[in-house]
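# Commentary on secondary and tertiary structure
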Amino acid sequence: MQRPLLRRETSSAASHFRLKDHLLKRKKRKKHWTVCPAKFHHFSLHSQPPPDLYLCGSEAMAIPVEEAIAALSTFSLEDEQSDVQGLSVLLSSQRSATISPIEYADVAAYRLSLGEDTKAINQLNTLVQEGKEMASLLYTYRSCVKALPQLPDSMKNSQADLYLETYQVLDLEMSRLREIQRWQASAASKLAADMQRFSRPERLVNGPTITHFWSMLKLLDVLLQLDHLKNAKASIPNDFSWYKRTFTQVSSQWQDTDSMREELDDLQIFLSTRWAILLNLHAEMFRTNTVEDILQVLIVFCVESLELDFALLFPERHTLLRVLPVLVVLATSSEKESESLYRRVKITRLLSIFKNDPVIPAFPDLHLSPAAMLKELSAYFQNFSTQTRLLTLPAPHEIPPRELQDYQRHYLIVNHIGSIRADHDDFCIRFASAMNQMIILKSSDGTDADWSREVKGNMYDMAVEGFQLLSRWTGRVWEQCAWKFSRPCKEIFDANHAATTFFDYEKVVRWNYTTEERRALLELVSYIKSIGLMMQRCDTLVAEALWETIHVEVQDFVQDKLDTMLRTSFRKKKDLSRILSDMRTLSADWMANTSKSAPEMNSMNQDSDETRQNTFFPRPVAPTAAQIHCLQFLICELVSGGNLRKPGGLFGNSGSGISVEDLKQLETFFYKLSFFLHILDYTATIGTLTDLGFLWFREFYLESSRVIQFPIECSLPWMLVDHAIESQEAGLLESVLMPFDIYNDSAQNALTVLKQRFLYDEIEAEVDLSFDLLVQKLNETIFTYYKSCAASELLDKSFVSSTEDGDKYNVKPLRFDVIFKLRRVKVLGRTIDLRRLITQRMNKLFRENMDFLLDYFESGDLCGIVELKTQLEVLELTHQLISKYLELDSYYLMLHEMQENLSLVSYSSRISTQICNEMQNDFLPNFILCNTTQRFVRSLRGTQQSSQRTDISSVKPYFYSGSNELNLAYQSIAGLYRDFFGIPHMIAIVKVLGSRSLPGLLRALLDHISTKITTMVPKVAGLQEALPKVIGLLPFDGGITGCGKFINEILTWEEKSELRTELLHDLKEVGNSLYWISLLDIVLREMDTEQFMQTAPYLGAVPGSDGQVKMAYTGHTPFTILISSAANAVVSNQTAPNPSSFLVMSKQAEAASLLYKSNINSGSVLEYALAFTSAALDKHYNKWSAAPKTGFVDITTSKDFYRVFSGLQFIYLEETAIDPSRKYEALGDSVAWASCTIMYLLGQQQHFELFDFSYQYLNVAEVENVSLSLYSDRPKGSNFSQGYERLLEAMRKARRLNNYVFSILRARCPLEDKVACAIKQSGAPLHRVKFANTVSAFETLPQRAAT
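None of the values given here were measured: they were computed from a predicted structure.

With that settled, the discussion passes to the overall build of the protein. Tallying secondary structure elements over the protein gives 50 helices and 12 strands in all. Out of the 1347 residues belonging to the protein, those deemed buried represent 50%. Nonlocal contacts in the protein, meaning residues at least 24 apart in sequence, comprise 78% of its contacts between residues at least 6 apart. Summed over its atoms, the accessible surface of the protein is roughly 64500 Å², and 53% of this surface lies on carbon and sulfur atoms.

A few words now on the packing of aromatic side chains. For the structure on display, the rule yields 58 aromatic pairs. On the basis of an interplanar angle of 20° and a centroid distance of 3.9 Å, the ring pair of Trp-478 and Phe-694 is categorised as stacked. Within this pair, whereas Trp-478 is found in helix 17 (residues 449-486), its partner Phe-694 is found in the loop between helix 25 (682-689) and helix 26 (699-705), the two being separated by 216 residues in sequence. Each member of the pair, Trp-478 together with Phe-694, is buried. Taken together, the ring pairs connect Phe-923, Phe-927, Phe-936, Phe-981, Tyr-1075, Trp-1076, Trp-1233 and Tyr-1300 into an aromatic cluster. A cation sits over an aromatic face here: Lys-230 above Phe-270, 5.4 Å from the ring centre.

So, about the pairing of strand 8 (residues 935-938). Across the two faces of strand 8 the burial differs, with Phe-936 and Arg-938 buried and Arg-935 and Val-937 not buried at all. Bridge count between strand 7 (residues 927-930) and strand 8: 4 bridges; the pairing is antiparallel. Residue pairing across strands places Phe-927 opposite Arg-938, the latter belonging to strand 8. Two successive antiparallel strands, strand 7 and strand 8, enclose a turn made up of 4 residues, where Gln-934 displays a positive phi of approximately 55°.

As a packed pair, helix 30 (residues 757-794) and helix 33 (residues 834-858) sit with axes 9 Å apart at the nearest point and diverge in direction by 60°. Here helix 33 runs oblique to helix 30, going by the angle between their axes. Remark: the crossing between helix 30 and helix 33 carries right-handed chirality. Seen from helix 30, the contacting residues are Phe-771, Asp-772, Val-775, Gln-776, Leu-778, Asn-779, Glu-780, Ile-782, Phe-783 and Lys-787; seen from helix 33, they are Leu-834, Leu-837, Ile-838, Arg-841, Met-842, Leu-845, Phe-846 and Asn-849.

With respect to the helices, strands and loops of the structure, Met-898 is situated in helix 35 (residues 891-898). By relative accessible area, Met-898 is classed as buried at 17%. When the C-alpha atoms of Met-898 and Phe-846 are compared, they prove to be 9.9 Å apart, with 52 residues separating the residues in sequence. When residues no more than four places from it in sequence are discounted, the contact partners of Met-898 are Arg-847, Met-850, Asp-851, Leu-854 and Arg-910.

With phi around 55°, Asp-309 is a residue other than glycine that occupies positive phi space. In this fold, Asp-309 is placed in the loop between helix 9 (292-307) and helix 10 (314-331). For Asp-309, a relative accessible area of 53% translates into the label exposed. Look at Glu-900: it is not a glycine, yet its phi comes out positive at around 60°.

Before going further, it helps to examine helix 39 (residues 1039-1050). With 12 residues, helix 39 should reach 16 Å at 1.5 Å per residue; the first-to-last C-alpha distance of 17 Å fits that figure. Every buried residue of helix 39 is listed here: Gly-1039, Ile-1040, Thr-1041, Cys-1043, Gly-1044, Ile-1047 and Ile-1050.

Residue-level pLDDT values for the protein average 80, and 81% of them are 70 or greater. Across the protein, the element-wise mean pLDDT spans from 41 in helix 1 (residues 12-26) up to 94 in helix 34 (residues 865-882). Across residues 89-97, where pLDDT falls below 50, the model places 22 contacts with residues more than four positions away in sequence or in other chains. Confidence drops under a pLDDT of 50 for residues 1313-1347, and excluding neighbours within four residues, the segment shows 61 contacts in the predicted structure.

Any two packed helices are characterised by how steeply their axes cross, that is the angle between the axes, and by the distance between the axes. One can describe the packing of helix 41 (residues 1118-1132) onto helix 42 (residues 1139-1157) by two numbers: an axis separation of 9 Å at closest approach and a directional angle of 165°. Taken together, the axes of helix 41 and helix 42 lie roughly antiparallel to each other. For the pair helix 41 and helix 42, the sense of crossing is left-handed. In this structure, helix 41 contributes Phe-1119, Thr-1120, Ile-1123, Ser-1124, Ala-1127, Val-1130 and Val-1131 to the contact, and helix 42 contributes Pro-1139, Phe-1142, Leu-1143, Met-1145, Ser-1146, Ala-1149, Glu-1150 and Ser-1153.

Attention shifts here to the environment of Leu-162. Along the chain, Leu-162 falls in helix 4 (residues 159-197). Classification of Leu-162 as buried rests on a relative accessible area of 17%. As a C-alpha pair, Leu-162 and Gln-150 span 12 residues in sequence and 9.2 Å in three-dimensional space.

Here we take up a negative patch on the surface. A cluster of like negative charges, contributed by Asp-256, Asp-258, Glu-262, Asp-265 and Asp-266, occupies part of the molecular surface. Topologically, Asp-258 is positioned in helix 7 (residues 258-272).

A word on the side chain of Asn-931. Note on placement: Asn-931 falls in the loop between strand 7 and strand 8. A distance of 2.9 Å separates a polar atom in the side chain of Asn-931 from a polar atom in the side chain of Trp-1233. If near-sequence neighbours (up to four positions away) are discounted, Asn-931 is found in contact with Tyr-1075, Asp-1229, Trp-1233, Leu-1297 and Tyr-1300.

Turning our eyes to something else, we now look at helix 41. For helix 41, which comprises 15 residues, the first-to-last C-alpha distance of 21 Å matches the rise-based estimate of 21 Å (1.5 Å per residue) to within 8%. Within helix 41, the full set of buried residues consists of Thr-1120, Ile-1123, Ala-1127 and Val-1130. Seen end-on, helix 41 carries its buried residues on one side only, within an arc spanning 95°. Turned more than 90 degrees away from the buried face of helix 41, the exposed residues are Leu-1122, Asn-1128 and Ser-1132. Buried positions along helix 41 lie against helix 42.

Conventions we followed
- Residues numbered from 1 in each chain as written.
- Predicted model: local features only at pLDDT ≥ 70, side-chain atom pairs only at ≥ 80, totals over all residues.
- Heavy atoms only, no water.
- Helix = DSSP H or I, 4+ residues; strand = E, 2+ residues; numbered from the N terminus.
- Buried < 20%, exposed > 50% of the residue type's maximum accessible area, 1.4 Å probe, protein only.
- Contact = heavy atoms within 4.5 Å.
- Areas by Shrake-Rupley, 256 points an atom, 1.4 Å probe, with all protein chains shown as cover.
- Phe/Tyr/Trp six-rings, centres within 6.5 Å; stacked < 30°, edge-to-face > 60°.
- Lys NZ or Arg CZ within 6 Å of the ring centre and 35° of its normal.
- Pairing = 2+ DSSP bridges.
- Axes fitted to C-alpha atoms, helices over the stretch in contact; angles between N-to-C directions.
- Parallel < 35°, antiparallel > 145°, perpendicular 65-115°, else oblique.
- Left-handed = near helix turned anticlockwise from the far one by under 90°.
- Expected span 1.5 Å × (residues − 1).
- pLDDT = per-residue confidence, 0-100.
- Patch = residues over 30% accessible without salt bridge, like charges linked within 9 Å, V, L, I, M, F, W, Y side chains within 5 Å.
- Salt bridge = Lys/Arg side-chain N within 4 Å of Asp/Glu carboxyl O.
- Lys, Arg positive; Asp, Glu negative; His and termini not counted.
- Charge placed at Lys NZ, Arg CZ, Asp CG, Glu CD.
- Polar contact = N/O pair within 3.5 Å; in protein donor to acceptor, adjacent residues only side chain to side chain.
- Arc of directions from axis to C-beta.

Written out as structure tokens, the structure reads:
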């Protein structure tokens, strides 16, 4: 058999230089002549090259061939790929050794008068081969009528042309059916004539032999299968009815159609009559004389073979089971001696066989039932209808429930998988041990003959055992499929397909296999393919051992055991002695004998009773098929004496005169002879026993369901692949490619057995889809596993410890190492690099996951940034885990690609753009600040954003955190950060955006502040206009009541309430922006401090006496000094291999030191923001801050900004005192931050603290409270009402908040020496830029260019 070459991958360049270097070292220093490659073909490929033959190189270098071969033998071409597939598909097929390659032409040389027998065998074998082709044609027959076009009413005139075209198409198909009709008649006639030849009372010819028996049974099996297919295929009579109709239409214009009509009527009768082929065979058999003798012999042979498990291969056993009911019906249909069968074979034996196998595989999706066949055939054979015991056998659908459980345990593989697994493991260990002994035997010289024979005999036993295991396992797969087809699923429980109508094929395949049954079937398929591959790989190593062992078995029997029989049991039996002598003559290898010169004479004339054993050398010379055929015939002749009516079976000791011991030896050797042919045909036998292509074919159900093809979910190979992936079992994942060998086998059968190209095309299309789905599901499984591992590792340990069932967050370990190494997956003759496909799909998955996370973040508000950061960290760790095995794209490259941030000049990204949009459109307007908790929360009275966030449960789980349990855990943690914005969110923003996008975000916020300040100018002016020109201090004599009336008379803003509200919201947005920047400043300072603590020892940074950082070294750092000294030492050493790399390392250390030095004195974004805000306020300084006319503080001015805010604050606090939840929930503490910052930068802090209405009101309240405490005997008057406590408390809180804000501003931006920081064009901050205390100095700050 030819096998496809395995493609190995290695580095060709490296191998070339290694080989060249190796050959140069071994080159001999003497003259050699060279042979050009063009003349090398003169030498025979099988001959030894001359000892002085050398190869020509490109440099005219003479290299001895022996040295070149020795050098090549040092290279290993093996890769790390494991065996996860079965045998490769054979490129060509040849006739197997079980059939004589010369059609038994050499049998005549043995003078056994078997000429008629061998001639009949060859004729029957030819008919069997033709019949199999006919059966393939019927099995793959598909209706042509379904493809016929239907003419519309407008083309009724072309009806005659349509009939003619239809007739021509159908006539081609009907001609094939007529050919089948003629062939079955001829085959039935020849089989009947052959049986009649051996059923005569007088024996005119020798035979039939065991080989002849098998040929008869195989032909009868083919006829039975043809009849069964003809009965089952409904499309055949349907097409014939259309053919007959079109013939009637088109034949009206023809002449002399009588013969065609007669032929058509015969074909109609043949197609419409059930069991027409068997009825015709019965008529041919009993036309002249009866054939009960040969039929009974065949029945006895079938029964004994089934009871003794004589058939080594499962196809032989299934053949016996299929033909036995037919033989019984034919044998009992004779009018005379119909009961003689049951005298030779008890009916209980037949009942036991039929009960043990109620379902017999016939075709991939068709089965036979002995009980159903017997019942149906009884209507056509009247004599058989009286066999009530056989006719009462239950059909598969009639089996009672009590017995059904027993059959389930027998047929279902899941009930035997434990013993199968143990047999597999035990056989693999012992087979590997036998192979190791064979390798040791091959490599050793002068080994002991007895040990060598023992090792080779053990190897032969292992091969026989392996064939038996494969035959038993593959037979179980066949029988389970047949059982499933006979017992379709009646109730389908599936929530996703509750209202769906299912095909019959779905009921017998898709819904008929439970999860445990699929697992057991997949495991058994893997065992069959793995053992077949293991045995096939060592075929060349064990071939000689198998031949030699068979030679030893044959020679030991014919030279020793037969010699003993001739001298003892058969000494005085001339006829039997002649048969034994014939056996020795045709099979004894006297050339290997070393003890006798004339063995025939010695064995025949030796009168001594002493047993003398021959000694012979084993030789790898196996017997031919003709020799085995003749030996089996002679043993049958010896045992039965040619009497077909001999009772008791073939080896029953009844009147033959052979001792029990000798009969046992003959029986053992007889059965071994049948095994020899399969052992000799090693490769073909393995191919037959590992062929599982039948699991794909579904021709019968395609026709009954009237569909072109079934969905891939109904395909059994894909069901096994899908189960291996979905089961998440480490052992099954490594067998995920084994079901693709089913596709390979089915494609091989479609081309070489069924010979239908359209079947191969359908298989190829399904394989393409299956492999795409495999890669997709495999990637999802791998991605999910490593995503879950990463999420489990990063999950908060305190969260896990607080849960009761924390173990559910642990990930069950899986192994993908074997799958990652698969570079050569063979599917339908193509070699696919699965590793490369997985890598490509994995890169796509990472990009899709990043896109999902970005979309998920963009669908929510700014509080989801913590969740985004967490998920990106999980995804990054997932990338690191998978990158250990696959060559993935860079994580940050993919992230920048999905953020649309690949350009070197782009400082924006999807995340930064989304943050900017959320800040301006949602965060700043709708969030309020709680200064105590340093958090922003969504205002209940503000504009509510309509959340369009995607539901996690509706997307694939691996896009979030992997498993459902981890998704719920991470969602629970993310829910803790979803209702506020604080320090954790700011840390997430800094880590997600990085230093590249933060400056752009900061500048956008500052521009928003500048825009809002400009927007507030007319609103402030509108409120200023409503204020009186002079505002004095509050009078103390009126108390807090009088002060309240005085303030309300001043603040006449009732008509400007809308303007006042808008101004407060603008101030809130400015305050939100400033506080957001202050949080950013806190986070950046923490990160800078952490980085400084890590780099300070390497840079030589030490604290100075003034508390500032200073450098311990001038011009250098400890890090650069260390690297430079090491580089100088290496360069000065002349033996150093590569000094230039150390010099490069030294330069890189200097560059790194400069980079980290520049980041030591980090600036403050808050200081920069305050400076920027001050510069923006300077443009409106004259409108919001009037210069005093006298040079002293003007206590009566009313146009400054602090006056406006003082009024706003008083009204705001007064409304809050009346309804605490009315205003605070809409504004929060951001208004105070914005107003205090503006007043501080305008230099109005002291004015505000002196003249604020609320502050004066508190002063009045304190004075009035003190006065009341001094005159405690006087009752409280109306000036101190108990309703003012809430207002006073609100004013005190506002004063504390204002004082806190002013203290922060004085610390970060002192007015006596204003400090700001700018941003370079490169994005790096320019720290500690000092400005004089003048307004004009702030105009030098960087401004956005006008667009």
